[in-house]
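Summary of structural features
Here's the letter readout for the chains.
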Amino acid sequence: MSNRIPVGILGATGMVGQEFVSFLQNHPWFDLTWLGASDRSAGKPYREATSWRLGGEIPAYARDIVVSDSKPEGAPQLMFSAMDASVATEIEQAFAASGRTIVSNSRNHRMDTDVPLLVPEINADHLSLLAGQKKARGWSGQIITNPNCSTVVLVMALAPLKKFGLKKIVVTTMQAISGAGYPGVASMDINANVVPFIGGEEEKMQQETQKILGTASAPLETLVSASCNRVPVVDGHIMSVSVEFEQKSSEADIINAFRGFRGIPQQKGLPSAPPCPVIYMSEKDRPQPRRDVERENGMAVFVGRLRPCPVLTYKFTALGHNTVRGAAGAAVLNAELIKSEGFLG
Ligand SMILES: NC(=O)c1ccc[n+]([C@@H]2O[C@H](COP(=O)([O-])OP(=O)(O)OC[C@H]3O[C@@H](n4cnc5c(N)ncnc54)[C@H](OP(=O)(O)O)[C@@H]3O)[C@@H](O)[C@H]2O)c1
């Protein structure tokens, strides 16, 4: 008998849904058997229901799957969710109540105190929240979330530095247009321009960072100040980060901390885990979105330009792939962790 695990995608026709379809192709553990979207798409084969925006063709294994409406009947036990936030709350809850495990990208449940906001390298221990979640909500299933696409880049760069005592964090992002979904920002607004506002993004970065870097029961108290900008880059969120530390540390200490950082996914060799989750680049003009973001299958975070900060202690640049490590890839790695840690029913 096969040990492979059937999985489904809610919101399969959208931008992130397409990234899931692409990322799950040839997965060593998971078989994509079910695709869900709105009533507008239900009943159509995937090739007709979706307008494919990624490079290349729709992967052959998914082309003929008939899209279902977003109801739990007939859906697999393990579900990825990439639904529009306006509908995700009720639908994800209905699937969890019906016994499904929902691994979600949507913001709706991220800040619920009984829902893990998971980055497997950083806070796998937050999976301990699931027992209380099931009990309090009366669900036989469960909801696990991954962070906002800019937050994940920041926390991956900060996690190796936690041992120096994070006192204050100031971050300014330059975020790719793919982070706004499709059609996203109007071309007249973003061509040769910068838009210094992304609705709700700064609050999400500040709160999610504290939750992820804290314990399962209490967020980190460190102050985080985020300024978010949309820039004319297709894929890859890049950010300038300044940090104040409690402890004295040299530049060599910090670079060693970045380079030596590993988590449970690396120790267990999970299929989607990058061997080195944080890659420090010593070239003076790297990382760059166009040159670096696709490396390591989009799953690593690239850091560079470490230097003293005259206001806080040190400053540096960080880059990550917003639709892979910031969305579909993050959720697939979460599912691999859940499975390997025994939380999958
Ligand atoms: N883009 C990113 O980089 C990124 C990163 C992290 C997280 N996210 C989050 O991921 C989610 C999806 O983002 P996206 O950019 O992929 O959005 P999108 O392209 O607009 O896709 C939305 C999906 O939701 C489905 N949907 C809409 N109304 C529905 C309903 N009533 N019932 C069931 N399904 C419904 C759509 O199906 P139809 O095609 O049938 O309408 C579509 O599959 C959002 O919550 C977003 O905040 C996005």
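Attention in this report is confined to the structure presented alongside it. The structure displayed is predicted, hence computed values, not measured ones.

So, how was this worked out
Residues numbered from 1 in each chain as written. Predicted model: local features only at pLDDT ≥ 70, side-chain atom pairs only at ≥ 80, totals over all residues. Heavy atoms only, no water. Near = heavy atom within 4 Å. Polar contact = N/O pair within 3.5 Å; in protein donor to acceptor, adjacent residues only side chain to side chain. Areas by Shrake-Rupley, 256 points an atom, 1.4 Å probe, with all protein chains shown as cover. 1 Å grid on protein atoms, 1.4 Å probe; cavity = no way out; pocket = protein on both sides within 12 Å on 5 of 7 lines; lining within 4 Å. Sits in = over half its atoms within 2 Å of the grid points. Helix = DSSP H or I, 4+ residues; strand = E, 2+ residues; numbered from the N terminus. Salt bridge = Lys/Arg side-chain N within 4 Å of Asp/Glu carboxyl O. Buried < 20%, exposed > 50% of the residue type's maximum accessible area, 1.4 Å probe, protein only. Axes fitted to C-alpha atoms, helices over the stretch in contact; angles between N-to-C directions. Parallel < 35°, antiparallel > 145°, perpendicular 65-115°, else oblique. Left-handed = near helix turned anticlockwise from the far one by under 90°. Contact = heavy atoms within 4.5 Å.

A closer look at the site of the ligand
Around the ligand, 27 residues are found, and the nearest of them are Thr13, Val16, Ser38, Arg40 and Ser41. Contact distances for the ligand include 2.7 Å between an oxygen atom and a side-chain N or O atom of arginine 40. Contact with the protein chains removes 80% of the 910 Å² of surface that the ligand exposes when unbound. Of the pockets mapped on this structure, the ligand occupies the largest pocket. When residues of the shell around the ligand are traced back to their parent elements, those giving at least two are helix H1 (15-23), helix H4 (85-97) and helix H13 (324-340). When residues of the shell around the ligand are assigned to their parent elements, the largest contribution, three residues, is made by H4.

Remarks on the pattern of salt bridges
With the rule as written, the count across this model stands at 13 salt bridges. Here glutamate 208 makes a salt bridge to arginine 110, at a shortest N to O gap of 3.0 Å. Of the two residues, glutamate 208 sits in helix H9 (residues 201-213) while arginine 110 sits in the loop between strand S5 (101-104) and helix H5 (120-123), which places them 98 residues apart along the sequence. Side by side, glutamate 208 and arginine 110 carry an identical accessibility label, which is buried. One network of salt bridges, in which partners are shared, links Asp112, Asp114 and Arg137.

Comments concerning the packing of helix H7 (residues 149-158) against H9
At their nearest, the axes of H7 and H9 sit 9 Å apart, and the two run at 40 degrees to each other. Relative to H9, the element H7 is oriented oblique. For the pair H7 and H9, the sense of crossing is right-handed. Only Glu201, Lys204, Met205, Glu208, Thr209, Ile212 and Leu213 of H9 make contact with H7, whose side of the interface consists of Cys149, Ser150, Thr151, Leu154, Val155 and Leu158.

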